[in-house]
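One letter stands for each residue in the lines below.
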Amino acid sequence: INRAIEYLVVEKDTIRMESCTMLKWCVGYLVESCKPAVSILRKKGKHNNSGAANNNNGTKRTNDATAGWKLECLIDIGKALQPRLTDKIAKVRNAAISACVPLFSSDGATSIVGTTTTAEDSKKFEVIMNSIQNTLLWIMANDSSAPNRAL
């Protein structure tokens, strides 16, 4: 993640765009790992409606040890993507917008905030998310590139 963040500030726009794409993958994996685990196994048989397969429904994949680290990663990625949302190159802005999409999934990144993380990190995350959300709203209304407004 740190290497991809380093490449967000280089002069070449294609490298900034690829770095945004790489961070999108990282955000996707982090957010996916924060979602509740759902068992795909089902017990077969008439009389066994509740069993081991039902015990895992609604459990979190994120445990106490990794929740803080995941939140730190999301904060760092959010801070790094913020300036790229207003980049002078439309393709870089497009890649940054796409990288921010997983941050706003319904049960992803926000599910770890406040549960097993410190109040300071939770506050930092909320500030970054509000800033990104405001920038995205501005882009929807004012961006010069129609594809970026449509995202």
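Before reading further, recall that the structure is shown in the block above.
The rules we used
- Residues numbered from 1 in each chain as written.
- Predicted model: local features only at pLDDT ≥ 70, side-chain atom pairs only at ≥ 80, totals over all residues.
- Heavy atoms only, no water.
- Helix = DSSP H or I, 4+ residues; strand = E, 2+ residues; numbered from the N terminus.
- Expected span 1.5 Å × (residues − 1).
- Buried < 20%, exposed > 50% of the residue type's maximum accessible area, 1.4 Å probe, protein only.
- Core = buried A, V, L, I, M, F, W, Y, C linked by side-chain atoms within 4.5 Å.
- Contact = heavy atoms within 4.5 Å.
- Axes fitted to C-alpha atoms, helices over the stretch in contact; angles between N-to-C directions.
- Parallel < 35°, antiparallel > 145°, perpendicular 65-115°, else oblique.
- Nonpolar A, V, L, I, M, F, W, Y, C, P; charged D, E, K, R; others polar.
- Arc of directions from axis to C-beta.
- Disulfide = S-S within 2.5 Å.
- Patch = residues over 30% accessible without salt bridge, like charges linked within 9 Å, V, L, I, M, F, W, Y side chains within 5 Å.
- Areas by Shrake-Rupley, 256 points an atom, 1.4 Å probe, with all protein chains shown as cover.
- Salt bridge = Lys/Arg side-chain N within 4 Å of Asp/Glu carboxyl O.

Enquirer: I'm lost on helix 6 (residues 119-142) in this one. Help?
Expert: The end-to-end C-alpha distance of helix 6, which contains 24 residues, comes to 34 Å, matching closely the 34 Å that a straight helix rising 1.5 Å per residue would cover. Every buried residue of helix 6 is listed here: Asp 121, Ser 122, Phe 125, Ile 128, Met 129, Ile 132, Thr 135, Leu 136 and Ile 139.

Enquirer: Could you clarify how one ought to interpret the nonpolar core in this entry?
Expert: For soluble globular proteins, the rule of thumb is that nonpolar side chains tend to be buried together. With 27 residues, the main nonpolar core has Leu 81, Leu 85, Ile 132 and Leu 136 as its most contacted residues. Looking at this core, the elements with two or more residues in it are helix 2 (13-34), helix 4 (64-84), helix 5 (90-100) and helix 6. For this core, the leading source of residues is helix 4, giving 7 residues. Dropping the residues within four chain positions of it, Ile 132 is found in contact with Gly 78, Gln 82, Leu 85, Cys 100, Leu 103 and Phe 104.

Enquirer: Would you mind going over the packing of helix 2 against helix 5 with me for this structure?
Expert: The axes of two packed helices give the description: the angle between them and the distance between them. Running from N to C, helix 2 and helix 5 point in directions that differ by 5 degrees, and their axes come no closer than 8 Å. With respect to their mutual orientation, helix 2 and helix 5 come out roughly parallel. Mapping the contact onto sequence places Asp 13, Arg 16, Met 17, Cys 20, Thr 21, Lys 24 and Val 27 in helix 2 and Lys 91, Val 92, Ala 95, Ala 96, Ser 98 and Ala 99 in helix 5. Residues belonging to the contact of helix 2 with helix 5 are distributed by class as follows: 7 nonpolar, 2 polar and 4 charged.

Enquirer: I keep staring at helix 2 and nothing clicks. Help me out?
Expert: An α-helix turns once per 3.6 residues; consequently, residues spaced three or four apart project the same way. Its 22 residues place the ends of helix 2 32 Å apart at the C-alpha level, agreeing with the 32 Å of an ideal helix rising 1.5 Å per residue. Among the residues making up helix 2, those that are buried are Arg 16, Ser 19, Cys 20, Leu 23, Val 27, Leu 30, Val 31, Ser 33 and Cys 34. Summarising the axial view, the buried residues of helix 2 lie within an arc of 150 degrees, below the 170-degree limit, and thus occupy one face. The outward face of helix 2, more than 90 degrees from its buried face, is lined by the exposed residues Trp 25 and Tyr 29.

Enquirer: Is there a simple way to explain the state of the cysteines in this structure?
Expert: Cysteine pairs can be covalently joined through their sulfur atoms, and such a bond is termed a disulfide. Summed over all chains, the structure comprises 0 disulfides. Cys 26 forms no disulfide, and the closest cysteine sulfur to it belongs to Cys 73, at a distance of 8.3 Å. Cys 100 takes part in no disulfide bond, and the closest cysteine sulfur, belonging to Cys 20, lies 8.2 Å away.

Enquirer: What am I meant to see in a nonpolar patch on the surface here?
Expert: Together, Met 22, Trp 25 and Tyr 29 give the surface a local cluster of nonpolar side chains, amounting to about 420 Å² of exposed area. Relative to the assigned elements, Trp 25 resides in helix 2. Accessibility expressed as a relative area gives 53% for Trp 25, which makes it exposed.

Enquirer: Would you explain the pattern of salt bridges in this entry?
Expert: Pairing is possible between side chains of opposite charge, provided their charged atoms come close. Summed over the entire model, instances satisfying the criterion amount to 5 salt bridges. For Arg 84, the salt bridge is made with Asp 87, and the minimal N-O distance between the two is 2.9 Å. According to the relative accessible area criterion, Arg 84 is buried, its value standing at 14%. Between Arg 93 and Asp 143 there is a salt bridge, with its nearest N and O atoms 3.0 Å apart. One end of the pair, Arg 93, is in helix 5; the other, Asp 143, is in the loop between helix 6 and helix 7 (146-150), with 50 residues separating them in the sequence. Take Arg 93: its relative accessible area is 9%, and that puts it in the buried class. Residue Asp 143 is classed as buried on the basis of its relative accessible area of 5%. Through salt bridges that share partners, Arg 16, Arg 84 and Asp 87 make up one connected network.

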